[in-house]
Amino acid sequence: MKRPREGRDAGVGGVGGRAAGRIQLAPSMMCADISRISETLDAFARSGADWLHVDVMDGAFVPNIQLGVDYVKQLRGLSDIPLDLHLMVHEPGDKVDWFDPQPGEYVSIHYEATPHPQRVLDTIRNKGARPMIALNPATPIASVGYLLGDIDAVLIMTVNPGYAGQSLIPSTLGKIAELRAYLDEHGKPDIEIEVDGNVSVANGLKMKEAGADIFVLGSSAIFKDGVSVGDALSDFRAAMGR
Ligand code: DX5
Ligand code: ZN
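Read on for a plain summary of the structure.

Rules used throughout
- The residue numbers shown here count from 1 along each chain, following its written sequence.
- Each chain gets a letter, beginning with A, and each ligand a number, beginning with 1, in the order they are written.
- Restriction of local features to residues with pLDDT of at least 70 applies here, the model being predicted, together with a cutoff of 80 or more for giving and counting side-chain atom pairs; totals for whole chains, interfaces and linings are based on all residues.
- With hydrogens and water stripped out, all remaining heavy atoms of the structure feed into the side-chain values.
- We call a residue near a molecule or strand as soon as one heavy atom of that residue lies within 4 Å of the molecule or strand.
- What qualifies as a polar contact is a pair of N or O atoms within 3.5 Å, subject to a donor-acceptor requirement within protein and to the restriction that residues adjacent in sequence count only when both atoms come from side chains.
- Using a 1.4 Å probe, accessible areas were evaluated by the Shrake-Rupley method; residue-level cover was limited to the displayed protein chains.
- Working definition: helices are DSSP H or I runs of at least four residues, strands are E runs of at least two. Numbering for both runs from the N terminus.
- Think of it as three bins: nonpolar holds Ala, Val, Leu, Ile, Met, Phe, Trp, Tyr, Cys and Pro, charged holds Asp, Glu, Lys and Arg, and polar takes everything else, Gly as well.
- As a rule, N, O and S atoms within 2.8 Å of a metal are its donors, except that Na, K and Ca use 3.2 Å; water is not among the atoms, so sites may look incomplete.
- Per-residue accessibility, obtained with a 1.4 Å probe over protein chains only, is compared with the maximum for each type, and a residue is labelled buried under 20%, exposed over 50%, and partly exposed between these values.
- Here, strands pair whenever DSSP counts at least two bridges between them.
- Crossover handedness is defined here as right-handed if the route from the first strand over the helix to the second strand goes clockwise, with the strands pointing away from the viewer.
- It is the directions from the helix axis to the C-beta atoms whose arc is reported.
- Residue contacts follow a heavy-atom distance rule, with two residues in contact if any of their heavy atoms lie within 4.5 Å.

Turning next to the site of ligand 1. Around ligand 1, a shell composed of 18 residues is seen, among which Asp55, Gly165, Asn198, Ser219 and Ser220 lie nearest. Separating an oxygen atom of ligand 1 from a backbone N or O atom of glycine 165 is a distance of 2.8 Å. Within the side chain of serine 219, an N or O atom sits 2.5 Å from an oxygen atom of ligand 1. For ligand 1, whose free accessible area comes to 380 Å², the fraction covered by protein is 100%. Per-element tally for the shell around ligand 1: the top contributor is strand S2 (residues 52-57), with 3 residues. Grouping the constituent residues of the shell around ligand 1 by class yields 7 nonpolar, 9 polar and 2 charged.

See below:
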């Protein structure tokens, strides 16, 4: 059921977010039980989820196929929580339009997925959505150097994208800290860092310490047998201390 949500603007348009020193939580819809989608979305609204993270996988850029165009469009009708679209697809420039990005939504594309990331990020911006560039674990942070004017956030993959339930790649923790320093040194303190992959409470604390702002919550944090997703989300926020 759709319902108004407090703190909805926490991550939107630079209101709140980094400036407010508040972490943002983005439950991973790929992990949600489709048979209980309404109650799950209600629980996210009640527990103050900031974004709905939607993994789109094309079976080519990553070895898996996940959430598609119709799912995204229907999800918008079921919740007021803004979407955080993570496009793990080859040549995202051809496909961004299919998802009809809405103002205030985050849309991430992978640096590795197109020779023309700037053009695709510009397309996302022109739709009023918030462009984000995603980096696989092996992609250097300096890849974002000529994109700093085109992005609102960088998504650091802390596992190789494709599946839930993988183990953190330890070198990505240092990468988050390096990226935060790089952004600050280049006069971009407002660019946010999202982390995706094995974001457990224990890893999340290290990611927060390294400078992460937006946490994708999947099987490591909130989607567990016998656990209420809303309670788990609240517990995660409490454990992070803000
Ligand atoms: C991985 C997906 C994540 C995944 C993360 O490519 O983007 O959304 O669900 O959750 P974990 O790693 O905790 O299962
Ligand atoms: Zn993702």
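More follows now that the structure is in view.
Coordination sphere of the zinc ion (ligand 2), protein contribution only: His53 (NE2), Asp55 (OD), His86 (ND1) and Asp196 (OD), at 2.0 to 2.2 Å. Between consecutive donors of the zinc ion (ligand 2), the numbers of intervening residues give the motif H-x1-D-x30-H-x109-D. On the criterion of sequence distance, the pair formed by aspartate 55 in strand S2 and histidine 86 in strand S3 (residues 83-88) is long-range, its members being 31 residues apart. Like aspartate 55, the residue histidine 86 is buried in the burial classification.

What follows concerns the pairing of strand S7 (residues 192-196). Along any regular strand the residues' side chains alternate between the sheet's two faces. With 5 of 5 residues buried, S7 lies mostly within the body of the structure. The two faces of S7 match: Glu192, Glu194 and Asp196 on one face and Ile193 and Val195 on the other face are all buried. Note that strand S6 (residues 153-157) and S7 share 5 bridges and pair parallel. Across the sheet, alanine 153 pairs through a bridge with glutamate 192, a residue of S7. At this point the chain moves from S6, through helix H5 (residues 171-185), to the parallel S7, and the crossover so formed is right-handed. With 2 bridges connecting them, S7 and strand S8 (residues 214-217) associate as parallel partners. By the bridge assignment, glutamate 194 is partnered in S8 with isoleucine 214. Regarding topology, helix H6 (residues 201-210) serves as the crossover connection from S7 to the parallel S8, and that connection is right-handed.

Another aspect to go through is the pairing of S6. Of all the 5 residues making up S6, 5 are buried; the element is thus mostly covered by neighbouring parts of the structure. Alignment of strand S5 (residues 130-135) against S6, held across 4 bridges, turns out to be parallel. Paired with leucine 135 across the strands is isoleucine 156, a residue of S6.

Here we take up helix H3 (residues 69-78). Within H3, the full set of buried residues consists of Tyr71, Val72, Leu75 and Arg76. Projected down its long axis, H3 carries its buried residues within an arc of 140°, all on one side. Residues of H3 that are exposed and point over 90 degrees away from its buried face: Asp70 and Gln74. Buried positions along H3 lie against helix H2 (37-47), S2 and S3.

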